[in-house]
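# Structural features, examined
Single-letter residue listing:
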Amino acid sequence: MSSQSLFFTERRDAEQKLAEGSALANVRDNHLRAAAAWDVLASRSIKGDRLRAEEQRRKDEIAQIPVSHDPVAQL
């Protein structure tokens, strides 16, 4: 998990805790909305982390293919 994803997740958790501790309904609702927004950001960031890792693995696999087996290089 990247530092950005971690930050978003921590903010979501903090807003959820603030919502749980709020006595006023409108304040609790504000914290819950903020937690939901942070959750969307965290989900997108985690998805991006996963896609970047998959792309790096794909590139690493391609880099390990010998040039003699590369059909483009044989042209």
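Here's a quick rundown of the structure.

Conventions used here
- Sequence order sets the numbering: in each chain, residues are counted from 1 along the sequence as written.
- Under the rules for a predicted model, residues below a pLDDT of 70 receive no local features and side-chain atom pairs below 80 are neither given nor counted, while totals for whole chains, interfaces and linings still include all residues.
- As a rule here, side-chain values cover all heavy atoms of the structure and leave hydrogens and water aside.
- Centres within 6.5 Å make a pair out of two Phe, Tyr or Trp rings, where for Trp the six-membered ring is used; the pair is then stacked when the planes are under 30 degrees apart, edge-to-face when over 60, and tilted otherwise.
- Burial here depends on accessible area, computed with a 1.4 Å probe over protein chains only, as a share of the maximum for the residue type. Under 20% is buried, over 50% is exposed, and the range in between is partly exposed.
- In this text, helices come from DSSP runs of H or I with a minimum length of four residues, and strands from runs of E with a minimum of two, each type numbered from the N-terminal end.
- For a helix, the expected span equals 1.5 Å multiplied by the residue count minus one.
- The contact definition used throughout considers only heavy atoms, calling two residues in contact when any of these lie within 4.5 Å.
- We define a salt bridge as a side-chain nitrogen of Lys or Arg found within 4 Å of a carboxyl oxygen belonging to Asp or Glu.

Summed over all chains, the structure comprises three aromatic pairs. Consider the rings of Phe-7 and Phe-8, whose centres lie 6.0 Å apart with planes at 55°: the pair is tilted. We classify Phe-7 as partly exposed; its relative accessible area is 42%. For Phe-8, a relative accessible area of 11% corresponds to the buried category. When the centroid spacing of 5.6 Å and the interplanar angle of 90° are considered together, the rings of Phe-7 and Trp-38 count as edge-to-face. A residue pair is termed long-range when its members are at least 10 positions apart, and Phe-7 in helix 1 (residues 3–21) and Trp-38 in helix 2 (residues 25–63) qualify at 31 residues. Relative accessible area serves as the criterion here: at 21%, Trp-38 is assigned to the partly exposed category. Connected via pairs of aromatic rings, a cluster forms that spans Phe-7, Phe-8 and Trp-38.

This next bit is on helix 2. Here helix 2 contains 39 residues, and its C-alpha end-to-end distance of 57 Å stays within 8% of the 57 Å for a straight helix at 1.5 Å per residue. Turning to helix 2, the residues buried within the fold contact helix 1.

Considering all chains together, one arrives at five salt bridges under this definition. Across the salt bridge formed by Arg-11 and Glu-15, the nearest N and O atoms sit 3.1 Å from each other. Here Glu-15 and Arg-11 lie together in helix 1, a separation of four residues that amounts to about one turn. Overall, the relative accessible area of 10% leaves Glu-15 in the buried class. With its nearest N and O atoms 3.2 Å apart, the salt bridge here joins Asp-13 to Arg-12. On the basis of relative accessible area, Asp-13 is assigned to the partly exposed category, the value being 34%. Each member of the salt-bridge network shares a partner with another, and the members are Arg-12, Asp-13 and Asp-39.

With that settled, consider the environment of Lys-47. Tracing the backbone shows Lys-47 in helix 2. By relative accessible area, which is 48% here, Lys-47 ends up partly exposed. Sequence-wise, Lys-47 and Ser-5 are 42 residues apart; in three dimensions their C-alpha atoms are separated by 9.4 Å.

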